[in-house]
Amino acid sequence: MGEQMFAEDKILIGCNENTEVFLLPKLANRHGLIAGATGTGKTITLKTLAESFSDLGVPVFLADMKGDISGLAKLGSETDKIKTNVEKYGLAAKGFKYEAYPVEFWDLFGEKGLPVRVTLSEMGPTLLSKILNLSEAQEGVLDIVFKVADEESLLIIDLKDLKSMINHVVENKDQYESQYGAIAEKSANTILRSLLKMEDQGGNDFFGEPALELGDFMKLDDNGKGVINVLDAQKLSLSPEIYSTFLLWMLSNLYQTLPEVGDMDKPKFVFFFDEAHLLFDDMSPEFGKKVEQIVRLIRSKGVGLYFISQSPADIPDDILAQLGNRVQHALHAYTPKDQKAVKVAAETFRPNPEFDTASVISELGIGQALVSVLEEGGVPSIVQKVDIVPPQSYIGAIDDAMRSELINLSELKPKYWEALDAMSAYEMLLEKIDSNPNVESEVAQVDKEIIEEAKVEVEKQEEVSTPEPQQQAPSAGGILGDVLGSVLGGQQPASGKKAKKTPQQKALEKAASQAVNTATREVTKGIMRGIFGQMK
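Quick summary incoming for the structure in this document.

Rules behind the numbers
Residues numbered from 1 in each chain as written. Predicted model: local features only at pLDDT ≥ 70, side-chain atom pairs only at ≥ 80, totals over all residues. Heavy atoms only, no water. Core = buried A, V, L, I, M, F, W, Y, C linked by side-chain atoms within 4.5 Å. Buried < 20%, exposed > 50% of the residue type's maximum accessible area, 1.4 Å probe, protein only. Helix = DSSP H or I, 4+ residues; strand = E, 2+ residues; numbered from the N terminus. Contact = heavy atoms within 4.5 Å. Polar contact = N/O pair within 3.5 Å; in protein donor to acceptor, adjacent residues only side chain to side chain. Axes fitted to C-alpha atoms, helices over the stretch in contact; angles between N-to-C directions. Parallel < 35°, antiparallel > 145°, perpendicular 65-115°, else oblique. Left-handed = near helix turned anticlockwise from the far one by under 90°. Nonpolar A, V, L, I, M, F, W, Y, C, P; charged D, E, K, R; others polar. Pairing = 2+ DSSP bridges.

### Re the nonpolar core
Okay, step 1: Among the nonpolar cores identified, the biggest contains 116 residues, and F53, L62, L162, M165, F246, F272 and F307 are the most heavily contacted of them.
Okay, step 2: It is helix α10 (residues 240-257) that contributes the most residues to this core, 9 residues altogether.
Okay, step 3: If near-sequence neighbours (up to four positions away) are discounted, L162 is found in contact with L120, L128, L142, V145, F146, I156 and L195.
Okay, step 4: The next biggest cluster of nonpolar side chains, apart from the first, holds 11 residues, and it includes A346, V360, L364 and L370.

What follows is the structure in structure tokens.
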């Protein structure tokens, strides 16, 4: 919390009349759990730990599900409860002081933070298949689609790229099946339906460029504090598939890209998974084993993972067993299911002979918790009932004006704010379809009257126009070619001079422009029918 405590290289989590509970930074990458019913103080614990890691120079990522975590960026202020605990436990002498923390705001929808985007090529077919809950046959088709894209240098950046590639592979399956195996049209249609559902949840905002570079999450400010990356998830929480997709991609990407560092004095990065049950709901056993493996091995990359949920029962046992640092807020035992959850929570702690853990869990007040952390040698400490140390930043949400100002001041805004739509699979397949004779025959019938009218106007203009000797001859294609070139590409006539337009030329340009625009609309319609026809 303050200089004196960090000189001792400890993070103070909570206190009671007899003891203080510290988290050892060198064991913080052994992961942790923050659990408790809604309104019992999980957010306070989250903010306190995030501040403490930041003070240690450790960057942090967390999701703001209700908007109140944004107060990390604002100077804290005294409340009666904070004042009582600061005085009761002598926190001022331990370095407690009100302050603001370096915060970078992110938002998948680009409304309350910098946009977060990921390319589908980066995500890959395996992770995407698990997220979409595809069958083995459907996963096989998706894998073929990505392999064809790689072989033909067709980048799959966003959802329209992927849909285009799926239709392309199905339409040309006779060409690909000999090399890659059977391509079931039924499986392809199922994948397309799943992608439509993902679109409805915000997938078009999430998948795209510029793609997030996780290195931008791992920064320090000018004072050496770790930057706290806050993902606004108020709207995102209504799209659980997209939310879990992003968190699982982050976890997988961190594991794959970070180097092995072995034992460190403190983590390189700490990642808080709020609403952790969304990660594990409907997860297949096979994929659950993969996640469990990553959780087990990622600590050697210097990453600490902290899961936040209402009950330990929300976390699969294999993963729960790896969470050595635990903070349990109150759970209510109103129903048999609640009573079972309380029992599970109590059994995760090393017992304290001074009280019955299960009974205390139901009696904890707001801001109180049962805490057990790993001690030297990696042994869990005896569980203690404590008051959680209050945050030093503002408790509550910041206003929109302050948030906007901080976003505008971000050094990363020029990098991420504007979306890019680079040449990728969708556009490249459009070019192929554009050369399809069926599409060309449709376009050939479009607005012939307008085009013929333009030609008549050209002939009239050429009859009355006598070029001066010093003028250059019209470029290839005549005046119509020049005008169409101007409409399509902003080209000037071949003379290079911007001559004053006659009424006839203005009429000609208008007619040609109408023809081009109409033809373009019809080409687009034909293309769309070609690409998305199978989605009906």
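### Remarks on the side chain of N325
Okay, step 1: The residue N325 is located in strand β10 (residues 325-328) in this model.
Okay, step 2: Of the residues examined, N325 reaches a relative accessible area of 4% and is grouped as buried.
Okay, step 3: Reaching out from N325, the side chain makes a polar contact with the backbone oxygen of L27 at a distance of 3.3 Å.
Okay, step 4: Among the polar contacts made by the side chain of N325, one reaches the main-chain carbonyl oxygen of H31 at a distance of 3.1 Å.
Okay, step 5: Sequence-distant contacts of N325, defined by excluding residues within four places in its chain, comprise L23, L27, A28, R30, H31, G32, L33, Y306, S372, V373 and L374.

### Remarks on the packing of helix α4 (residues 120-131) against α10
Okay, step 1: The geometry of α4 relative to α10 is characterised by a closest axis approach of 11 Å and an angle of 130° between their N-to-C directions. Considering their axes alone, α4 and α10 lie oblique with respect to each other. For the pair α4 and α10, the sense of crossing is right-handed. When α4 is examined against α10, the residues E122, M123, L127 and I131 are found in contact with a partner set consisting of E241, T245, L248 and W249.
Okay, step 2: A class-by-class count of the residues in the contact of α4 with α10 yields 5 nonpolar, 1 polar and 2 charged.

### Notes on the sheet that holds strand β7 (residues 228-232)
Okay, step 1: Taken together, 12 strands build an open sheet; the order of strands is β2-β1-β12-β11-β10-β3-β9-β8-β4-β7-β5-β6 and the sheet is mixed. A single partner strand is all that each edge strand has here, and the edge strands are β2 (20-23) and β6 (114-115).
Okay, step 2: Sheet topology note: the strand β4 (residues 60-64)/strand β8 (residues 269-273) ladder contains 2 bridges and is parallel. When the sheet's bridge partners are listed, F61 is paired in β8 with F271.
Okay, step 3: Together, β4, β7, β8 and β9 (303-309) form the strand contacts of α10, whose direction differs from that of β8 by roughly 155°.

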